[in-house]
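Residues per chain are reported as follows:
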Amino acid sequence: MIVGGGHNGLVAAAYLARAGRSVLVLERLDHTGGAAVSTRPFVGVDARLSRYSYLVSLLPSKIVRDLGLSFRIGPRTISSYTPAERAGRPTGLLVGGGEARTREAFARLTGSDREYESWQRFYGMSGRVAERVFPTLTEPLPTRDELRRRVDDDEAWRTLFEEPIGVAIEDRFADDLVRGVVLTDALIGTFADAHDPALPQNRCFLYHVIGGGTGAWDVPVGGMGALTDALAAAARDAGADIATGHEAVRIDTDGRTAQITYRTPDGEGVAAARHVLVNASPQALAELTGDTPPAPAEGAQLKVNMLLKRLPRLRDEAVDPREAFSGTFHIAEGYRQLATAHAQAAAGELPAAPPSEIYCHSLTDPTILGPDLVEQGYQTLTLFGLHTPARLFDRDNDAVREELLKSTLAQLDAHLAEPLADCLATDADGRPCIEAKTPLDLERDLRLPGGNIFHRELSWPYAQEGTGRWGVETRHANVLLCGAGAVRGGGVSGVPGHNAAMAVLEATAG
Ligand SMILES: Cc1cc2nc3c(=O)[nH]c(=O)nc-3n(C[C@H](O)[C@H](O)[C@H](O)COP(=O)(O)OP(=O)(O)OC[C@H]3O[C@@H](n4cnc5c(N)ncnc54)[C@H](O)[C@@H]3O)c2cc1C
């Protein structure tokens, strides 16, 4: 029995059904996918947006191969663009499009090759760590020492696993904008300062640079829903049953067999299972089993989905908007700006200049738009805002959402040659095609605790007290976590789903 049909629950279902087990997935919503879905959010408009998660890096190709998924990712030729103003003139940093071009872009912004060379060395180091750490994610958990031996690079270990990432960033880079671009990988979905001694920012950084052994973030062709649909099809083809509209409300277990009580629109039902895999959050798991829930993990991001009639022109005329928006477009993410935004939010205020990043899916993959929209040059925009923890929305979610959306878009407008509002498409009712989701919205719609996109703070990818062999074990022998809240969970990876399935297969082998 699998509680939750998010992408991880579906990965577990597909592996177990392919191994000949009898599998039933209970999903409380009327569709599968959890935070990995595509929807048409705008009335009468054929644009299927990846509503929540939008880029893929952490999904091992092994899972795609093992499950025979018909799912593809598209590489982005531009990695990022960061607009800036220097000496009163618009400029920016474009990373990607080949080595010579990137070197030149660094020189244009900073006046020398120094920052580019530091960049090459830094990402060379993280690339070597990625090659060594990524394959371990789908193996039993290594100990800390085993992982350290595997990394086999004392400097890299110290930089990424021991010292706050702010130390390395400040040692290695001099330019505030370059420092900020590096730091953002440590802050996506994580509310932290560069020097937080508890190192949540380092763990976030690690998960952002190890995916696929390269750290590349690619476009899911057809949108994130294409992945979920391929997983649901693989699970069903292998014989799994998927029951949507079924909410698990209680798990009773003696460690050998379990009883799951669930609710449907027609009433309550009970089912028995040898193993229960829980794709819902660790908080939800504790509520289901009657255990003490772990400390709440607050989310801190704003997600905005938009459809544009055309891409806006940039003030920095040296860069084509089609390139700038096809990579990650950083806004108000200078190093000092990020620190100020964090300090303001930690003090209970909305950041005065909210940092965010934007990317356009349809430039790499127009298949998510209906043919009419493609012909007319429509484009999608996805914005992910940082440093706005759930507590800031408590006083009035609707009012704070609106205020934050306005100030976030004003930061983008400062770098555009025309206001974004002029480029927004309208829906069948004449309303602008834009929707925003706060942490409280995500908690309500997706049951993400505190709106945390990873279910809980990301974990180190090695064994710690109580983490079990695969990082999915709980205090009940036959109840496992198979979602983002497991050790090595978080992100669209399928890793905890794979690992929970392996734990069940090992426990029942022979
Ligand atoms: C706005 C946003 C942007 C993100 N961007 C990215 C990105 O670009 N790339 C990336 O890699 N990651 C991203 N993430 C993170 C990533 O989406 C999640 O970590 C991942 O989807 C978690 O998958 P999951 O299957 O473990 O859990 P979920 O997707 O949370 O699925 C859990 C499922 O369990 C169901 N459920 C819960 N309780 C019950 C119950 N009692 N009974 C039955 N069903 C239940 C839920 O309805 C849900 O379908 C983003 C997340 C968000 C919210």
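By convention here, each chain's residues receive numbers from 1 onward along its written sequence. Per-residue local features of the predicted model are confined to residues with pLDDT of at least 70, and side-chain atom pairs are confined, for both listing and counting, to 80 or more; whole-chain, interface and lining totals are unaffected and use all residues. Side-chain descriptors were evaluated using all non-hydrogen atoms of the structure, hydrogens and water having been removed beforehand.

A separate point is the pattern of salt bridges. Salt bridge, as applied in this entry: a Lys or Arg side-chain nitrogen positioned within 4 Å of an Asp or Glu carboxyl oxygen. Enumeration according to the criterion identifies 35 salt bridges in this entry. Close ionic contact of Arg 315 with Glu 85 constitutes a salt bridge, the shortest N to O distance being 3.1 Å. Of this pair, Arg 315 sits in the loop between strand 14 (302-308) and helix 12 (321-324) while Glu 85 sits in strand 6 (residues 78-86), and the two are 230 residues apart along the sequence. Between Asp 176 and Arg 336 there is a salt bridge, with the nearest N and O atoms lying 3.6 Å from each other. Placement of the pair is Asp 176 in helix 8 (residues 176-184) and Arg 336 in helix 13 (residues 335-346), with a sequence separation of 160 residues. Type-normalised accessible area, obtained with a 1.4 Å probe on protein chains alone, sets the label of each residue: buried when under 20%, exposed when over 50%, and partly exposed for intermediate values. By relative accessible area, Arg 336 is classed as exposed at 60%. Several salt bridges converge on common partners, so that one network encompasses Asp 398, Arg 401, Lys 437, Asp 441, Arg 444 and Asp 445. Under the scheme used here, helices are H or I runs from DSSP no shorter than 4 residues and strands are E runs no shorter than 2 residues, and both carry numbers assigned from the N terminus.

Below, the discussion takes up the packing of helix 4 (residues 114-133) against helix 8. Axis lines are fitted through C-alpha atoms, for helices just across the contact stretch, and the angle between N-to-C directions can take any value from 0 to 180 degrees. Contact pair helix 4 / helix 8: the axes reach a minimum separation of 11 Å and the direction vectors enclose 15°. Classified by the interaxial angle, the pair formed by helix 4 and helix 8 is roughly parallel. The crossing of helix 4 and helix 8 is right-handed. Contact residues: helix 4 offers Glu 115, Trp 119, Phe 122 and Tyr 123, while helix 8 offers Val 178, Val 181 and Val 182. A class-by-class count of the residues in the contact of helix 4 with helix 8 yields 6 nonpolar, no polar and 1 charged. Comment on the angle field: the value is read as roughly parallel under 35 degrees, roughly antiparallel over 145, roughly perpendicular from 65 to 115, and oblique elsewhere. Rotating anticlockwise by less than a right angle from the far helix to the near helix defines a left-handed crossing, while the corresponding clockwise rotation defines a right-handed one. Only heavy atoms enter the contact rule, under which two residues are in contact if any of them lie within 4.5 Å. For this classification, the nonpolar set comprises Ala, Val, Leu, Ile, Met, Phe, Trp, Tyr, Cys and Pro, the charged set comprises Asp, Glu, Lys and Arg, and every other residue, Gly included, is treated as polar.

In this section: the domain arrangement of the protein. Domain start and end points were adopted from an automatic or database domain assignment. On domain assignment, one finds that the protein holds domain 1 (2-36 + 57-71 + 224-294 + 454-507), domain 2 (77-96 + 298-451) and domain 3 (113-213). In this assembly, 24 residues from domain 1 lie in contact with 29 residues from domain 3. Roughly 2100 Å² of surface becomes buried between domain 1 and domain 3 when both sides are summed, with 69% attributable to carbon and sulfur atoms. Taken together, the connections running from domain 1 to domain 3 amount to 1 salt bridge. Here Arg 203 and Glu 457 are joined by a salt bridge, their closest N and O atoms 3.0 Å apart. N or O atoms within 3.5 Å of each other form a polar contact, as long as, within protein, one can give a hydrogen and the other can take it, and as long as residues adjacent in sequence are counted only when both atoms are side-chain atoms. In this structure, the connection of domain 1 to domain 3 is made through 10 residue pairs in polar contact (both at pLDDT 80 or more). When residues in the side of domain 1 that touches domain 3 are grouped by element, the largest group, 3 residues, is from helix 18 (residues 495-507). Throughout, buried area stands for the accessible area (probe radius 1.4 Å) lost by two parts on being put together, summed over both.

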